[in-house]
Every structure is written in C-alpha cells, then in structure tokens.
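Examining the three-dimensional arrangement
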Amino acid sequence: MANCQSIAPKNSGGGGDVFSLNRTTAHITRRANFKQIAPGFVAKKTVMNRIRTVIDGNTAVDRYRRCAFEGSQRVTAAILSEQYRADVSSPDDSVELDLTNNDHVKNRFWRQDNIRFNKAVRTDSKNGTLSKHGKWAMRFSRWAHHANGITELGAAPTGMTQKCIKIASNPKFDDKTERGHWRIFGSLFAVFTTVTLTGKFLSETLGRMGTWASASLQKDASFLAASFSTIAAAASLFSLAFAGCSAIAAAKAPLDKRLVDSIQGNKSKHIERLYLILNDAKNKPTAQTLLMKAMKRGVGKDYRLSDKTPILLHRLMSDVKAADSHTVAIQAMEKTIGSYLTEVDPTGCTTGELLDPKTSNSELLRRENHLVALTNLIEHSAIDGNKDAIFRDTRNSIERGFEKLHEGAPEKRLGCKLLKFIGANKIAERAALKASPEYLEMKEARRKNPLFAHKYYRSAQNILDKSHQYGPVTVYLTRAAEFCRVVNHSILLSFNYQLTRPIAWLSGRITEGALKIPNSRCTSFSIGRFLSSATWAVVEVLVFMSLARGDGIGFNGREADTAVKFPLHIPVGTVSIPISIISTAAQMLVVAVPALIFMGAAKIALEIEGWKGNVERSTQNLHKRRQVMEGWS
C-alpha cells in the first residue's frame, strides 16, 4: 500500500498529477508539527522550528496552487452536500443530480480560487467551447493573475533580483552552505546597484512629467510614483478590479457538460485519495493520532470528540474500518460527508433533519471548512509540485527566462560558454560535468547513502539536520548563521509579505463572518498586498525619503542637526559610500556579515570538536518536554 498511486483526471483543475502516499504521509506528519528523528520514530517539532515555519510562509506559486486545490475541494463539498439533500428528499428513488443547473455547485465552481488556475476552463476557453460569459470570467481572472504578478515584482524587487542572480549563477547551490552565504553576500552588492539605479531611473523620468505642477510638487510626486511599493499597490488595485469584473461575468456563466465531467472527476479523485490515506491508517494508532493532530487545528472544539479527534475524521475512519470492499467504503464515505455537511447534528444522529441554506449559512460554511481542512491533507502544494504554466505570473516568467540559461546540454549552457570564451576549457568541462543530470542524481544518491556520510559531514545542512553528530559549539554557531539567513530572507527581504499576511488573514475572516461566503485566497491576498504596499509607500515617502532630502518627517522643514545623516555615509579610506536606509539590500548586507562570521567560526569549531560519525539519533537525548512516538509506518 505504501506505493499506491492514483492518477488525476486529464482535465482536473490543477492539471494532471500523480498522487503519492509517501509524500502525503510526510506532509501530514509535518502538519501535525512532528518530524522524523530516527528510523521509525517522530518527535514534536521544537518551538523555534515551528516559529521558523510560520515566518518562512510560502512562495507565490505555492499560494496559487493552494488556491487551485482548495477551489476544487470546495466544489467537491458542494456536490456531496447537494447529492445528500437530493437523496434525503427522495429516499425511495435514486436521484441523478443535475449539476448544470445547481446554484450551489455553480457558485462554488465560478469562484476566483477555482477558475483562475483551472486547466479544464482554460482548455474549453481555447477550444471555443466555453460560454461567452465563461470566457470573459476566465479572461478577467487571468488578467487579475498577471496584475498580481506585477504586484509581486513591486513588492519584492530585491528578492526577485537576487533570485535571478542565483538562477543565472548556480541554481543548485544551497543558501545554507558556506558558499551559499558567500554568494548571498556578493550578490547583495549587485542587487543594491540594480534596484537603486532602477528607482533612480523611474524617479528622474517621472520627475520630468507633469509640467503643470510646480518643481517641488513634481519632485515629491516622483518620489511617491517611483516607489516600488506604490507600483505594487497600484497593481493590486488593478488585480482586484479585474477579479471583480470576472465575478460579475461568472455570475451569468452556465456549467456545461464538459465542465461537469471535470468536477465529477475531481470529486472522485478526492474521495479516492481520502480512502487510500484512511485505509492505510485504520490499523495504525500512531497514524490516526498524526491525522487527528494535523486536522484538528482547522476544527473547533464543538466539532471534536473528547479525545480531540474531529467528528468528521472519526466517522470516515469508521466507514473505512466497517467496509468489506473498496466500492462500499467509497459509497459510505460520500454519504457520510454529505451528512456532515448538511445535517443539524454533525454526529449523524439527526438523519433527515437538514440545515436550512438560507438561515444557517455560517454553520454550513463552518462544516465545509472542516472538510477542506481534511482534503488539504491529501491535495496540497507540499504534495503536488505541479509546474503547469498556468501558475506562472510575471515574476515567474522572468525567473523562467533565467532558468532557460541552464537548460539543454551542459556544455552549451551560458556559464560553460563564457568559461570557454576566456580560455578556461578544463574548468568549463568540469563545470559541464557537475551540471549534468547524471552527476546531480549520483550526488543526491550519495548524500543519502550512509557509506558516503563522511563526504558530507562538513555540510551546514548536515549539521542542522543531524546536530547529534556534532559538538555543541559547532551546532550553536551554525544555527546562529542560519538564524541570520532566516532574518535576511524571511523578514528583511519579505517585509511587505509579512505585513500582507495578517491583513489577508483578517480579510478572509471578515469575508466568512460578515458575508457568509468562503474566503477567496486570491482576493484576500490582493487586498493584503494593496493595503500593506500602500502603507509602506506612505512611510517611505513621508519618513525615509523626506529625511533623505533633509526636509524632516513629512516634508515639514529642515531636519535637526543630528549625528545621523540621510543617506548614511560610510567612510572607506578616502571615499565615502552613501547607503540609503530604505535599501533592503543595504539592510541585508549588515546581517550577512555576522552570518559569514558565524559560519566561518562554525567550521573552525568543527575542526576542533570533530565529527562523531554517522550515528543514529537516540530518542533518550531529546528534551524531556518533546513528545516522541512511532512514525506513520
């Protein structure tokens, strides 16, 4: 059963994908806040590990995939709930649900989260088989997606520039390694120059526009318009406008048979995957515990049993345990989900007594969210790394252009050509060999092979993952370097993103609480980006840029004669380097220096303390407050 796979339908919303039980169980273990520490054993993650996971967040493409996955999961919920209502209304007859004219299913299908990245809708649109309103709904939604890509560019110009430098130089380098820290340090100078010159170009160009305004007003307006945060805010506003137009068009779009076949296929896929997971866990108490812990965060106390197991999970597990065949189990699960989504009592004790869709919107939405919390464990971006072009935005397309530099035969790639051009033929041949797929596969296999552990014991990743094999000073210094890297990449480099997240979360809660409709992750994040980018743009202009011009806060006059000047001037011998305080690259450079020092000191400590060998971690050496138990298998 460990290798069971289920192929998704050809036109499923997220594209054709392959389900892996192993990847899914690993994802469930992570969602339960556990990690593998030894063969057959898992331990609860440390507080620092959980904090880091929260700070790191996810990438834009991961968010797009999650939108697509949850969009299709909500359509599945609508189908099962409507089918159950139809069956209850006609208990003596077999009812064939007409999805093409079902308002509940249509509303869930034409949501932005579902259609923006839906391969079936895109295919029908290109083939000309989609309705007129459906075409415009898809078209506006895609425009909103591309506008959101401009938002990502404006919100993180430093991050994109650094990512492109990484891709163009050597995308296989791990940022956690010593060479990775040096590359980050070196690339920040190039990033600082690129972003600064771009901002200067925009400022000078826009500053000459609008001859009707006074020179002072032109300069102040150019500061505001040239701000990358302002560009991000404006693009977010366009994204929201296009999404609104898409919603208006979608409200009049029908569900044709081709689309119905697609969502029925998605429904079958979700139920089949749930069955595979539950069937694998039914005789494994530890696996059931991990499932419970992974799901319970999305389920309130009133919908859990005394042992904290969600009622929905308990009922589905009972169905799988009681069924004597695969078909019987699937049918029972579909009926149970429909019952949970529609009946007054979530335990199923009020058969036939259904919630009123008009007066119980909040309760129905809450139950639907519980199912999504469960289906998120079997269809998630951490499981399915679909790289379909439909998920790419403007920023991803630019990064894709740099990735193409490393495609094709290794000897024909840009780096090797440059080395040969300057006469370094042997170095070029060696670089081509190390860039070949065969070499990379062999290297990855050797890293996992215990016989080659001594070849990688100096790796920073190895020190972080297998700290029990090293001395305390080596571990602490490596962790300090990693802490600096996390601060650089997840806070300084992602400040706009970190400010966006709570606003997007609050927007989602307001949507579900006040409007009684499911939260649209696409729309909520665009709202978050708009408010955070607009706020940061105002701060940049009225505080940092105003101080940089010497006009005080909010252009209220000359600043006081203080010891700190804007921009900051760093003396280097006989010259003075001006550093803008709003430059993310300049801030990151300040943090990158101690990261390099810590990493260098860790290597020295490793030479002194040595390596204990490729020994397995003992569960006895863990902190007494860390919960340890057997793994899924």
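Summary of the structure given here. These numbers were taken from a predicted model, which means no experiment stands behind them. (Residues numbered from 1 in each chain as written. Predicted model: local features only at pLDDT ≥ 70, side-chain atom pairs only at ≥ 80, totals over all residues. Heavy atoms only, no water.)

**Side note on the side chain of R108**
By the element assignment, R108 lies in helix α4 (residues 103–109). The class for R108 is buried, based on a relative accessible area of 13%. (Helix = DSSP H or I, 4+ residues; strand = E, 2+ residues; numbered from the N terminus. Buried < 20%, exposed > 50% of the residue type's maximum accessible area, 1.4 Å probe, protein only.)

**Things to note about the pattern of salt bridges**
Under the definition given, this model contains 21 salt bridges. As a salt-bridge pair, E152 and R63 come within 3.1 Å of each other at their nearest N and O atoms. Note that E152 is positioned in helix α7 (residues 132–155) and R63 in helix α3 (residues 60–89), a separation of 89 residues in sequence. For the pair formed by E152 and R63, the shared burial category is buried. For E607, the salt bridge goes to R458, with nearest N and O atoms at 2.2 Å. Here R458 lies in the loop between α20 (437–448) and α21 (460–465) and E607 lies in helix α25 (residues 584–609), a separation of 149 residues in the sequence. R458 sits in the partly exposed class, given a relative accessible area of 35%. Within the structure, one salt-bridge network assembled from shared partners comprises R52, E482 and R485. (Salt bridge = Lys/Arg side-chain N within 4 Å of Asp/Glu carboxyl O.)

**As for the state of the cysteines**
On inspection of all chains with the given rule, the structure shows 0 disulfides. Free cysteine C522: the closest other cysteine sulfur is in C67, separated by 3.5 Å. (Disulfide = S-S within 2.5 Å.)

**Looking at unusual backbone geometry**
Keep in mind that most residues, glycine aside, have a negative phi and that most peptide bonds are trans. We note that K308 has phi near 75°; this positive angle belongs to a residue other than glycine. Position of K308 relative to the elements: it lies in the loop between α13 (285–296) and α14 (311–322). Residue classification places K308 among the partly exposed positions, given a relative accessible area of 44%. The phi torsion at K516 lies on the positive side, around 60°, for a residue other than glycine.

**What to know about the packing of α7 against helix α17 (residues 394–403)**
For the pair α7 and α17, the least separation of the axes is 6 Å and the interaxial angle reads 70°. As summarised for this structure, α7 and α17 are arranged roughly perpendicular, according to the angle between their axes. Judged by residue contacts, H146, G149, I150, E152 and L153 of α7 engage T394, R395 and I398 from α17. Split by residue class, the contact of α7 with α17 holds 3 nonpolar, 3 polar and 2 charged. (Axes fitted to C-alpha atoms, helices over the stretch in contact; angles between N-to-C directions. Parallel < 35°, antiparallel > 145°, perpendicular 65-115°, else oblique. Contact = heavy atoms within 4.5 Å. Nonpolar A, V, L, I, M, F, W, Y, C, P; charged D, E, K, R; others polar.)

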